[in-house]
Amino acid sequence: MNNAAPSPVGAPSPANSPTPSSGVFSIPLHPLSWRQPFEWLRLGVRDFLRAPFIGLFFGGAFMVMGWALLKAYERMPAYVLALAAGFLLLGPVLCLGLYRISQTLEAGGKPDFGDALLAFESRIGPLALFSMVLLVLEMVWGRAALVVFAVSFDGMPDFKGSLMALLNPENLGFIVAYCSVGAVFAGLIFALSVVSIPMLLDRPVDAVTAALTSLRLVLTQPGVMLLWGALITLLIGLALLPWFAGLPVVAPILGHASWHAYRAAVGVGAVDTPAQSPA
């Protein structure tokens, strides 16, 4: 009896995996059009409808995280805004299971909840390293947010658990400073992670190669990627109201769509199709 665990459907295997690149710049990037981000969303909806219960599980996890952040805001408002944005920007890591579902569907297989939940096991080393880098960036962001609070107010203000009080027009200087600092970190994290996590799941590349490939994509095709980032921000923003109720649906759709964004931009295509193994 063979006790070896079967490989997840759609996961790279030694016979058909792309050969690791000799350098970051040897990985070809496909040209993208302005219409493609909307097509990625359409494909994300399609994948969600093909495996709705698994998607709702992951989306529900995002909603619970949102509730936890609201509770945390009552005790540490200086940190919670950076934490909230950071959780959303760390979404590519949290969406690994959704990437696995789309990968499986693309390969013609049937999604499996256990496989999606443990998708990280196939590339745990590179994924852990990349997650640590994002975590460090998030910690620096949190510290920068605290500095903005310190220089904007005389001591820690009491906002009585109200975000509206925090965003009062009287605090315009704080709002501008905070958003400016946040935009820098948000842009950096987005640029490093927009396609890198799906790439790590799909290809035998290291974390540095994946991150630099993602950064190269954003720098070489900034218009389309800016549109994609704006769509993600808009949809997540709408899903947060009221009480994060839209996240169980919106989060998995965006997770699936992010897989298709990777496949369109960096995925195996006519220019980099791996050699087929002999029959």
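Everything here concerns the structure above.
Residues numbered from 1 in each chain as written. Predicted model: local features only at pLDDT ≥ 70, side-chain atom pairs only at ≥ 80, totals over all residues. Heavy atoms only, no water.

**Student:** How should I be thinking about the pattern of salt bridges in this particular structure?
**Tutor:** Working definition: two side chains of opposite charge can pair if their charged atoms are close together. Counted by the stated rule, this structure contains five salt bridges. R263 is the salt-bridge partner of E106, the closest N and O atoms lying 2.8 Å from each other. Linking E106 in helix α5 (residues 96-106) with R263 in helix α13 (residues 247-265), this pair joins segments that are 157 residues apart in sequence. Here R263 makes a salt bridge to D202, at a shortest N to O gap of 3.2 Å. Placement of the pair is R263 in helix α13 and D202 in helix α10 (residues 196-202), with a sequence separation of 61 residues. We classify D202 as buried; its relative accessible area is 10%. Beyond isolated ion pairs, a larger network of salt bridges with shared partners links E106, D202 and R263. (Salt bridge = Lys/Arg side-chain N within 4 Å of Asp/Glu carboxyl O. Helix = DSSP H or I, 4+ residues; strand = E, 2+ residues; numbered from the N terminus. Buried < 20%, exposed > 50% of the residue type's maximum accessible area, 1.4 Å probe, protein only.)

**Student:** How do you make sense of the nonpolar core when you look at a structure like this?
**Tutor:** Nonpolar side chains in soluble globular proteins generally cluster together in the buried interior. Ranked by size, the top nonpolar core spans 58 residues in total, and within it L32, W40, M225, W228 and V266 carry the most contacts. Sorting elements by how many residues they give to this core places α13 first, with nine residues. Once residues lying within four places of it in the same chain are set aside, the contact partners of M225 are L32, F190, V194, L217 and V218. Core analysis: the second largest hydrophobic core is formed by seven residues, A145, F149, F153 and F174 among them. (Core = buried A, V, L, I, M, F, W, Y, C linked by side-chain atoms within 4.5 Å. Contact = heavy atoms within 4.5 Å.)

**Student:** What's the story with the packing of aromatic side chains in this structure? I'm lost.
**Tutor:** Two descriptors summarise a pair of aromatic rings, namely the distance from one centre to the other and the angle between the planes of the rings. This model, assessed by the stated rule, comprises six aromatic pairs. Here F57 and F58 contribute two aromatic rings whose centre-to-centre distance is 5.5 Å and whose plane-to-plane angle is 80°, an arrangement assigned as edge-to-face. A residue is classified by how much of its surface remains accessible, and F57, at 42% relative accessible area, is partly exposed. Ring centres of F57 and F113 lie 5.0 Å apart, and the angle between their planes is 85°; on these two criteria the pair is classed as edge-to-face. Remark: F113 occurs in helix α6 (residues 113-117) and F57 occurs in helix α2 (residues 52-73); sequence separation between them is 56 residues. Take F113: its relative accessible area is 34%, and that puts it in the partly exposed class. Cluster of aromatic residues (ring-pair linked, three or more members): F57, F58 and F113. (Phe/Tyr/Trp six-rings, centres within 6.5 Å; stacked < 30°, edge-to-face > 60°.)

**Student:** Hey, could you run me through the packing of helix α1 (residues 36-50) against helix α12 (residues 222-239) in this one?
**Tutor:** Helix packing geometry: the angle between the two helix axes and the distance between the axes. Where α1 contacts α12, the two axes come as close as 9 Å, and the packing angle between them is 45°. Taken together, the axes of α1 and α12 are oblique relative to one another. Counted together, P37, F38, W40 and L41 of α1 and V224, L227, W228, L231 and L235 of α12 form the full contact between these two elements. Tallied by class, the residues present in the contact of α1 with α12 amount to nine nonpolar, no polar and no charged. (Axes fitted to C-alpha atoms, helices over the stretch in contact; angles between N-to-C directions. Parallel < 35°, antiparallel > 145°, perpendicular 65-115°, else oblique. Nonpolar A, V, L, I, M, F, W, Y, C, P; charged D, E, K, R; others polar.)

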